[in-house]
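# Architecture at a glance
One-letter residues, chain by chain:
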Amino acid sequence: MLGPFSLVEIAAVLVAAATTALVLFVVTLPLSSPSPSVQPPPGSTFYALGAVQEGLRAGDRAPELAGTFNGQPVGLTDLNGNQIRLSDLRGRPVWIVFWATWCPPCQEETPVLRDTYEKYAPDGLALIAISVQETSVDDVRAYVERYGLNYTVAFDGSSAVFHTYRAFGLPTHLFLDRDGVIQQVILGPLTRDKADEIVSGLVGDK
């Protein structure tokens, strides 16, 4: 006995409550939910900036490096203010990565980007590292100079291009063939072996 109730009566009440809760859960569960085609692998240090969304996929043609901000068209520029256009790189394999200087996984993979680019630049590889949510161009430039980065670093101060590419976290990698078609999308930092595997395939596809 527990107060005026027996243990059997208490157990019956708990079972009934649990059954009711389970029924309500099943009834209110959505019939289906959208699942992005590309998601960070389990255990990845992918740094999410917003809600998971359906992004660009392999087989899609990459959009131009531009967007809108406050209703106005915005283009992508490098740290010196020069316009960067994907159309100008047609005929070359292109590696695009969205990153930030304050993003730990982006910092960790910086040597991978630098060394892989230097290895394959003679084969025509173009690497565009697009920084987002930074305080200033000078902060990004200081980072580039500190680590001796020779690939193109762009400044997406309004995140317009980030949104055009439907990205939602850092780092986000997109690998384009010579015709501007996306071949792979990788969320999270790359190992040297993985970067070499992907890029070697791109530059060898002529």
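Residues numbered from 1 in each chain as written. Predicted model: local features only at pLDDT ≥ 70, side-chain atom pairs only at ≥ 80, totals over all residues. Heavy atoms only, no water.

If you tally the helices and strands in the protein chain, you get five helices and 10 strands. Split into buried and exposed, the 206 residues of the protein chain put 40% on the buried side. Of the accessible surface of the protein chain, which amounts to about 11300 Å², a share of 56% is contributed by carbon and sulfur atoms. (Helix = DSSP H or I, 4+ residues; strand = E, 2+ residues; numbered from the N terminus. Buried < 20%, exposed > 50% of the residue type's maximum accessible area, 1.4 Å probe, protein only. Areas by Shrake-Rupley, 256 points an atom, 1.4 Å probe, with all protein chains shown as cover.)

Counting through the fold element by element, V153 comes out in strand β7 (residues 152-156). When its relative accessible area of 6% is taken as the criterion, V153 is described as buried. Here the alpha-carbon distance between V153 and T77, two residues 76 residues apart in the chain, equals 8.7 Å. Residues contacting V153, with those up to four places away along its chain left out, are D78, L79, W99, A129, V140 and V144. (Contact = heavy atoms within 4.5 Å.)

Before going further, it helps to spend a moment on the confidence of the model for the protein chain. The predicted model of the protein chain averages 85 in pLDDT, with 78% of residues at 70 or higher. Low pLDDT (under 50) marks residues 20-36, which in the prediction has four contacts with non-local residues, meaning those over four places away or in another chain. (pLDDT = per-residue confidence, 0-100.)

A separate point is the side chain of D177. Examined against the element boundaries, D177 turns out to sit in the loop between β9 (172-176) and β10 (182-187). Here D177 is buried and forms no salt bridge, its nearest opposite-charge partner R61 lying at an N-O distance of 6.3 Å. Polar contacts involving the side chain of D177 include one to the main-chain amide nitrogen of D179, which spans 2.9 Å. A polar contact is formed between the side chain of D177 and the side chain of Q183, at a distance of 3.0 Å. (Lys, Arg positive; Asp, Glu negative; His and termini not counted. Salt bridge = Lys/Arg side-chain N within 4 Å of Asp/Glu carboxyl O. Polar contact = N/O pair within 3.5 Å; in protein donor to acceptor, adjacent residues only side chain to side chain.)

Under the criterion given, the structure shown has eight aromatic pairs. Taking the centre distance of 5.4 Å and the plane angle of 75° together, the rings of F46 and F168 count as edge-to-face. Of this pair, F46 sits in the loop between α1 (7-28) and β1 (47-48) while F168 sits in the loop between α4 (160-164) and β8 (169-170), and the two are 122 residues apart along the sequence. Look at F98 and Y165: their rings are 5.7 Å apart centre to centre, the planes differ by 55°, and that puts the pair in the tilted class. Of this pair, F98 sits in strand β5 (residues 94-99) while Y165 sits in the loop between α4 and β8, and the two are 67 residues apart along the sequence. Like F98, the residue Y165 is buried in the burial classification. (Phe/Tyr/Trp six-rings, centres within 6.5 Å; stacked < 30°, edge-to-face > 60°.)

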